[in-house]
Amino acid sequence: MEVNELKLEIRKHHVTPGVNVLDLVIDADGEKIKVQTQHKDTDRAFQQFVKDAIALGKRLSEARIE
C-alpha cells in the first residue's frame, strides 16, 4: 500500500460562529479523496464523529510496529 497523504482536520469555521468544518483528505492506495463538510455545534452525529476520531487517534498512537 502506498500512502501519500492521510489527513483529518476538524476545526471551527472562521467565519460562521457555531459551525464546525471537517476536512478529510486521503491519498492512499490509488484513492484520492478530498471532502469538506460543515456541521452545527449541536449536531450529535458530528459530536460522535469527533469522539470516534479522538479514540482512533489514541489507538493509532499506541500501536507498535513489530
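Owing to the predicted nature of the structure, the values given are computational and were not obtained by experimental measurement. (Residues numbered from 1 in each chain as written. Predicted model: local features only at pLDDT ≥ 70, side-chain atom pairs only at ≥ 80, totals over all residues. Heavy atoms only, no water.)

Peer 1: Teacher, can you tell me more about the pairing of strand β2 (residues 19-28) here?
Peer 2: Along any regular strand, the residues point their side chains to alternate faces of the sheet. With respect to burial, β2 is a largely interior element, eight of its ten residues being buried. In the sheet, strand β1 (residues 3-12) pairs with β2 via nine bridges, with the strands oriented antiparallel. The residue bridging Leu-8 from the neighbouring strand is Leu-24, located in β2. Between the antiparallel neighbours β1 and β2 lie six residues, among them Gly-18 with a positive phi of about 80°. Where β2 meets strand β3 (residues 31-40), ten bridges bridge the pair, whose relative direction is antiparallel. Note that in β3 the partner of Asp-23 across the bridge is Gln-36. The turn linking β2 back onto β3 is made up of two residues, and Asp-29 within it adopts a positive phi angle of 50°. (Buried < 20%, exposed > 50% of the residue type's maximum accessible area, 1.4 Å probe, protein only. Helix = DSSP H or I, 4+ residues; strand = E, 2+ residues; numbered from the N terminus. Pairing = 2+ DSSP bridges.)

Peer 1: Just checking my understanding: could you explain a nonpolar patch on the surface for this structure?
Peer 2: There is a patch of nonpolar side chains on the surface, built from Met-1, Val-3 and Leu-6 and spanning about 390 Å² of accessible area. For Leu-6, the position within the fold is in strand β1. For Leu-6, a relative accessible area of 65% corresponds to the exposed category. (Patch = residues over 30% accessible without salt bridge, like charges linked within 9 Å, V, L, I, M, F, W, Y side chains within 5 Å. Areas by Shrake-Rupley, 256 points an atom, 1.4 Å probe, with all protein chains shown as cover. Salt bridge = Lys/Arg side-chain N within 4 Å of Asp/Glu carboxyl O.)

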